[in-house]
There are 2 protein chains.
Amino acid sequence: MSLMAALRDAHPEPQSIDVLERLKTICDSQGLGALGQRLTSLSQLVAPDMAALHAEFQGVPRGTHSVHRAANHVVDLGGKRLRPLCVALASRVGAGFNDAAKQLGVAAELVHNATLLHDDVVDLGDTRRGEPSARALYGNAAAIFAGDWLLIEALRRVRSTSFLDVLDRLLEIIDAMISAEALQLENRGQARVSAESYFQVVEGKTAALFRWALLAGGRAGELASTECEALENYGLHLGIAFQLVDDLLDYSGERASLGKELFVDLREGKTTYPLILALEEDPSLLPSLHAVATAHGRLDGLQQEWNRIIMALQAPSIAQRCRKLAQRQIELGIEALAACPNGQAKEALITVARATVHRMN
Amino acid sequence: MSLMAALRDAHPEPQSIDVLERLKTICDSQGLGALGQRLTSLSQLVAPDMAALHAEFQGVPRGTHSVHRAANHVVDLGGKRLRPLCVALASRVGAGFNDAAKQLGVAAELVHNATLLHDDVVDLGDTRRGEPSARALYGNAAAIFAGDWLLIEALRRVRSTSFLDVLDRLLEIIDAMISAEALQLENRGQARVSAESYFQVVEGKTAALFRWALLAGGRAGELASTECEALENYGLHLGIAFQLVDDLLDYSGERASLGKELFVDLREGKTTYPLILALEEDPSLLPSLHAVATAHGRLDGLQQEWNRIIMALQAPSIAQRCRKLAQRQIELGIEALAACPNGQAKEALITVARATVHRMN
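Below or above, wherever it landed, is the structure these notes cover. (Residues numbered from 1 in each chain as written. Chains lettered and ligands numbered in written order. Predicted model: local features only at pLDDT ≥ 70, side-chain atom pairs only at ≥ 80, totals over all residues. Heavy atoms only, no water.)

### What about the pattern of salt bridges?
Under the counting rule described, the total for this entry stands at 42 salt bridges over all chains. Residue Glu153 of chain B is joined to Arg157 of chain B by a salt bridge in which the shortest nitrogen-to-oxygen separation is 3.1 Å. Here the residue Glu153 of chain B and the residue Arg157 of chain B both occupy positions in helix α7 (residues 134-160), the gap between them amounting to four residues, near one helical turn. You'll find Glu153 of chain B and Arg157 of chain B in the same group, each marked buried. The partner of Asp282 of chain B in a salt bridge is Arg308 of chain B, and the shortest N-O contact between them spans 3.3 Å. One end of the pair, Asp282 of chain B, is in the loop between α13 (273-281) and α14 (286-293); the other, Arg308 of chain B, is in helix α15 (residues 303-313), and 26 residues separate them in sequence. Overlapping salt bridges bring together Glu56, Asp99, Lys102, Glu153 and Arg157 of chain A as one network. (Salt bridge = Lys/Arg side-chain N within 4 Å of Asp/Glu carboxyl O. Helix = DSSP H or I, 4+ residues; strand = E, 2+ residues; numbered from the N terminus. Buried < 20%, exposed > 50% of the residue type's maximum accessible area, 1.4 Å probe, protein only.)

And the structure:
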């Protein structure tokens, strides 16, 4: 039995370990043996923390009404639990994982889950993590209130830690997340979105919560403010890299093998970085992009335009440029960690960052 | 020029004063001269507080994106501002209106506005306070994020006061509000809802935030915990009475003269107290009620059932029983105030409570 499997058996269903294992398989298949080995040590380091977090997720109140069932559904879907993993590792850069880190880790994931619930209503999304979305199962009304509920549950957990500055930062960051959603809504259906506007959305929508997760873990681990700032900076770059790869995967055939829907962003009229690059490489794409972006998902009769865009997006140069930029963000994030004490946890954060560029789902 | 008009001119657009003036007119026309006079003193007492609150509402950040415009739209609609009025009066039962009371008053209204934004998306509501709703003007997506944004803005303002127990209570109360929305969703489309279930919804959906407004004002006014509890208790009963009258007004011809839509609850499949009473008085209504409640607003072909229900609801006994129960709640609320120091502010709270039963919009 592999170490990974042993760890998994020791801690029922710690889903993030699954993710690390899948990443390890990818590293092995891509000849990234060293990274694969580092993922093994990372799993060893955080296995007890992730098990504690997993148990805590079970403690999110269950309810019988459709609102609570919608919320529980999203929480139970699990996902990568990357934000709690970041909280745990950041705490271990300092004094170690403790109850505050556990509450803050759960809160980071619950805020993320709350945004998924509202996003699915806004985007009319019917699937989430390969399963029917909460709104598809329980309706829009239940999904909206479920998002509200998880947000409040997250804030109560943060408040319970008595790290008031961390609570204040979370309120600021949720504000930034909403502003980013607002900007993204405004950009929707536009064929030409500036890279500046795209990165503004990414910083608010994705990177802000990663920043907070790292800050929260650092504060739980009693780190000094310069170290917490360094962790936040790492979180910012990790978040941008994560979103860049996420956007790329929406156009990548590799994802289809995992049963995921492709081209969701394009269908929803969302301009992401690969599309910005494709338009930059071939400005004559604009009329096709305009036709698809303004079709509000009604693509009958636009087969030619659609095919043209898909072909342009799947050009190897797009993926290369995206991954290169993600790689650059990762390097900046790793540089930021210089201000933090050396040790296993810092190494693990570096591993998480490197693995993010190679992830396939 | 009347005193009311003079006050209004001195403080541009303090909308709650308008409400008090309208109430006074009603009192005069109903021969409730004494109550009308008390409303005049109440206006005098709170005019500067309401002007300060009004100025603070102008300070809610403006934004250019549809999300922020949707939020600003609801805030600008104004409404009765009854929750901020409660915060102001409760603070004056103690040491007086101050900056904390101002922030808490604005927060109470913003939480209320956030729920209106999400409720309109859930209920597909196209009008709000006689104007197009935010979702009608800016779309569901903007309205959902706008609600999220106002909720966070409210929490930040409460946090800024450093009354952490008041923040904790608000988080608890928003949780209770969501549970009530969950129960109401579950009850929707059911012809027979128990009075117990109805009052459970009312306590969570409406009375909880009134309770909090009174507690918040009491804490800002540095009252002792027994006095704050008494205020909360008053808020609970005031909130129940307010909702009972609100539900009654949905079936009342008087409201039509204000340009308000009637029978909204019935159309949305929501069972309110008048409907529970109508069914109690005439159990043979059940099949008609069932047909309308499960029609999801598609009432073509149900004219006969619809008319039968409307006629039953407009029986004088229904309005009498509703107002009587509201009156009883008001008396309980006023009794609770016995634990608070006597004075102008307490008298004003008593006036607000009495006027609530007589309000027409």
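### Some thoughts on unusual backbone geometry
When glycine is set aside, most residues are seen to have a negative phi, and most peptide bonds are trans. Residue and element names in this part refer to chain B. The phi torsion at Leu124 lies on the positive side, around 55°, for a residue other than glycine. Following the sequence through the fold, Leu124 ends up in the loop between α6 (99-123) and β1 (127-128). One non-glycine residue, Ser162, lies in the positive phi region at around 65°. Tracing the backbone shows Ser162 in the loop between α7 and α8 (164-187).

### Structural notes on the interface of chain B and chain A
At the junction of the two partners, chain B supplies 35 residues and chain A supplies 35 residues. In this structure, the salt-bridge partner of Arg159 of chain A is Asp168 of chain B, at a minimum N-O distance of 2.7 Å. The interface formed by chain B and chain A holds ten residue pairs in polar contact (both at pLDDT 80 or more) in total. Mapped by element, the contributors of at least two residues to the side of chain B that touches chain A are α4 (66-77), α6, α7 and α8 of chain B. Top contributing element to the side of chain B that touches chain A by residue count: α8 of chain B, with 14 residues. The residue inventory of the side of chain B that touches chain A, partitioned by class, reads 19 nonpolar, six polar and ten charged. (Contact = heavy atoms within 4.5 Å. Polar contact = N/O pair within 3.5 Å; in protein donor to acceptor, adjacent residues only side chain to side chain. Nonpolar A, V, L, I, M, F, W, Y, C, P; charged D, E, K, R; others polar.)

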